[in-house]
Amino acid sequence: GDESLPIMTTDIKDGSHLFVWDGTQVSGDVIAVGKELEPVLLHITYPGSNENTTRELSSGFSKHTTIEQLKGILCEITGVPQADILLSYFTTSGKNQNPVVTALPSSKLHCSLAELKFTDGQKLTAERQVKKGLKTLAHTVADRQQRIVTVCVEDRISPIPLNAAWPVASVDINKDEKLSSLKKLIFAKFGLTEVEGGGRLRVDDNNEKLGPPLYENQTIISANITSSCRVVVEPGLAPSNNQILLYFTLYPFTADTDHQEIMIDRRATVCKCCSLMTEQSKLEGKDWHLKKTNWCGEAAEDLSDEDASLEDEGLKSGDLLLIEAGRLPPK
């Protein structure tokens, strides 16, 4: 292929697994090249040497490799006789992408990887066949996968060259873990140590702005962090339970309207919030008031009770407020 092509113009997506080969051989075997003959990357989990441990083989195989040939290769690696190897593969089901285990029967021995429609990143397990009713390694791995989410993470802390992209990686974490644990994993992944404010996490949902900073005492599942999310780590303080992040901008909108943001106690009054926002925007005087917005960012009702708290007004983290000229008459 053309090695000068930008990655964005290829089929490579976030979370793609890449493996490097010389274009001629894989594991010493000569591989014919061409679209129909490209090797396929398989991730195969098999029992480790110690009880309750596993190992993983990630390797490229010819698309014409049959299940029988694959079992022959795995026999050498696992020490399990070829005839006794149970080979299973995983697909996903439902909106939660729960793993589904399918054992490959003997009728598939002569099927190739291409015929089984295995693609790069296909996960399998190889183990000794067990008696009917006993739990297989494949189902143990599936249970573990169901509790694990692979998160795409982006480092916006480390210095990068001008016009370069922020570093991106993937981390695996249990859905029941807290976001504070995810932050530790991200710090370890990127080698981050001393970070201004301790660092905080936000979700990049492909809108013009990042989502509000996440509460670190939330669990992965309660924060709706899924494998389709991109979580950004940036400098700054993570919000406490009493804080919310609000976006704000001047209204009416202009061509160069830009959203600012402020972290504020949810118990602060509307008056206090307006004062902080106008100060941050370098707006003079006190003749300003705040307006709510609807779901698509259009102006909605005025926040007319200046003594009401933000919480009383139903404001939550990530809401957008508008600053409009003019004092509202007292209620």
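Residue numbers here run from 1 along each chain, matching the order of that chain's written sequence. pLDDT decides what is reported in this predicted model: residues at 70 or higher carry local features, side-chain atom pairs at 80 or more are listed and counted, and totals for whole chains, interfaces and linings draw on all residues regardless. By convention in this description, side-chain values take in all heavy atoms of the structure and omit both hydrogens and water.

Caption draft 1: Geometry of the packing of aromatic side chains. Two rings from Phe, Tyr or Trp (for Trp, the six-membered ring) form a pair when their centres sit within 6.5 Å of each other. Planes less than 30 degrees apart are called stacked, planes more than 60 degrees apart edge-to-face, and all others tilted. Summed over the entire model, instances satisfying the criterion amount to 2 aromatic pairs. Ring plane angle 85 degrees and centroid distance 5.4 Å describe the contact between Tyr251 and Phe253, whose orientation is recorded as edge-to-face.

Caption draft 2: Spatial organisation of helix H4 (residues 270-280). Each residue is placed in one exposure class: buried if its accessible area under a 1.4 Å probe, protein chains only, is under 20% of its type's maximum, exposed if it is over 50%, and partly exposed if it falls in between. Secondary structure counts use DSSP, requiring at least four H or I residues in a row for a helix and at least two E residues in a row for a strand, with both numbered from the N terminus. Along H4, the positions that sit buried rather than exposed are Val270, Cys273, Cys274, Met277 and Thr278. Buried residues of H4, viewed axially, fall in a sector of 125 degrees; they line one side. The criterion used for residue contact is that any of the two residues' heavy atoms lie within 4.5 Å. Contact partners of the buried residues in H4: strand S12 (243-251), strand S13 (260-265), strand S14 (288-293) and strand S16 (320-325). Within two residues after H4, Lys282 carries a phi angle of roughly 60 degrees, on the positive side. The directions considered for the arc are those from the helix axis to the C-beta atoms.

Caption draft 3: Structural context of unusual backbone geometry. A cis amide bond, omega 5 degrees, links Tyr251 with the succeeding residue Pro252. With respect to the helices, strands and loops of the structure, Pro252 is situated in the loop between S12 and S13. A positive phi angle, close to 70 degrees, is found at Asn163, a residue other than glycine. Among the structural elements, Asn163 can be located in the loop between strand S8 (148-155) and strand S9 (168-174). Owing to a relative accessible area of 76%, Asn163 belongs among the exposed residues under this scheme.

Caption draft 4: Examining the side chain of Lys291 more closely. Residue placement: Lys291 occurs in strand S14. Judged by relative accessible area, Lys291 falls into the buried class, the value being 11%. For this analysis, a polar contact is any N or O atom pair within 3.5 Å, provided that within protein one partner can donate a hydrogen and the other can accept it, and provided that sequence-adjacent residues contribute only side-chain to side-chain pairs. In this structure the side chain of Lys291 is engaged in a polar contact, spanning 2.8 Å, whose partner is the side chain of Asp302.

Caption draft 5: Structural detail: the sheet that holds S13. In space, the 5 strands of this open sheet follow the order S13-S12-S16-S14-S15, with mixed pairing throughout. Here the strands that pair on one side only, and so sit at the sheet edges, are S13 and strand S15 (299-302). Between one strand axis and the next, the sheet turns by 40 degrees as a mean value, whatever way the strands run. Strands qualify as paired when DSSP identifies two bridges or more between them. Where S12 and S16 come together, 5 bridges link them in parallel fashion. Paired with Phe248 across the strands is Leu321, a residue of S16. To obtain an axis, a line is fitted to C-alpha atoms, over the contacting stretch when the element is a helix, and the angle between two such axes runs from 0 to 180 degrees between their N-to-C directions.

Caption draft 6: A look at the sheet that holds strand S3 (residues 40-47). Pairing in this open sheet of 5 strands is mixed, and the strands run S4-S3-S7-S5-S6 from one edge to the other. One side of each edge strand has no neighbouring strand; the edge strands of this open sheet are strand S4 (54-61) and strand S6 (98-103). Across this sheet, the average inter-strand angle for adjacent strands is 30 degrees, counted without regard to direction. Packing of helix H1 (residues 67-78) onto the sheet brings it into contact with S3, S4, strand S5 (85-93) and strand S7 (122-128), and relative to S5 it is tilted by some 115 degrees.

Caption draft 7: A look at the pairing of S8. By the criterion of burial, S8 is predominantly enclosed, with 6 of the 8 residues buried. Examined bridge by bridge, S8 and S9 share 7 bridges and lie antiparallel to one another. Along S9, the bridge assignment pairs Thr150 with Asp172. With 4 bridges connecting them, S8 and strand S11 (residues 230-234) associate as parallel partners. When the sheet's bridge partners are listed, Cys152 is paired in S11 with Arg230.

Caption draft 8: Quick peek at the nonpolar core. Formed by 21 residues in total, the largest nonpolar core has its most connected members in Leu182 and Ile225. Put simply, the parts of the chain that give this core at least two residues each are S8, S9, helix H3 (179-190), strand S10 (200-203) and S11. Element by element, the count of residues in this core is highest for H3, at 5 residues. Sequence-distant contacts of Ile225, defined by excluding residues within four places in its chain, comprise Val149, Val151, Leu179, Val203, Leu214, Ile220 and Val231. We call a set of buried residues a nonpolar core when its members are Ala, Val, Leu, Ile, Met, Phe, Trp, Tyr or Cys and they connect through side-chain atoms within 4.5 Å of each other. Val40, Leu87, Leu113 and Ala126 belong to the second-largest nonpolar core, a separate cluster that totals 19 residues.

Caption draft 9: Molecular detail of the pairing of S12. Across 6 bridges, S12 lies against S13 in antiparallel orientation. Looking across to S13, one finds that Phe248 is bridged to Gln260.

Caption draft 10: Seen up close, the environment of Leu182. Relative to the helices and strands, Leu182 resides in helix H3. Among the residues examined, Leu182 registers a relative accessible area of 0% and is labelled buried. Remark: the alpha-carbon pair of Leu182 and Thr136, spanning 46 residues in sequence, is separated by 30 Å. If we ignore the near neighbours within four places in the chain, the residues touching Leu182 are Val171, Ile173, Leu201, Ile220 and Val231.

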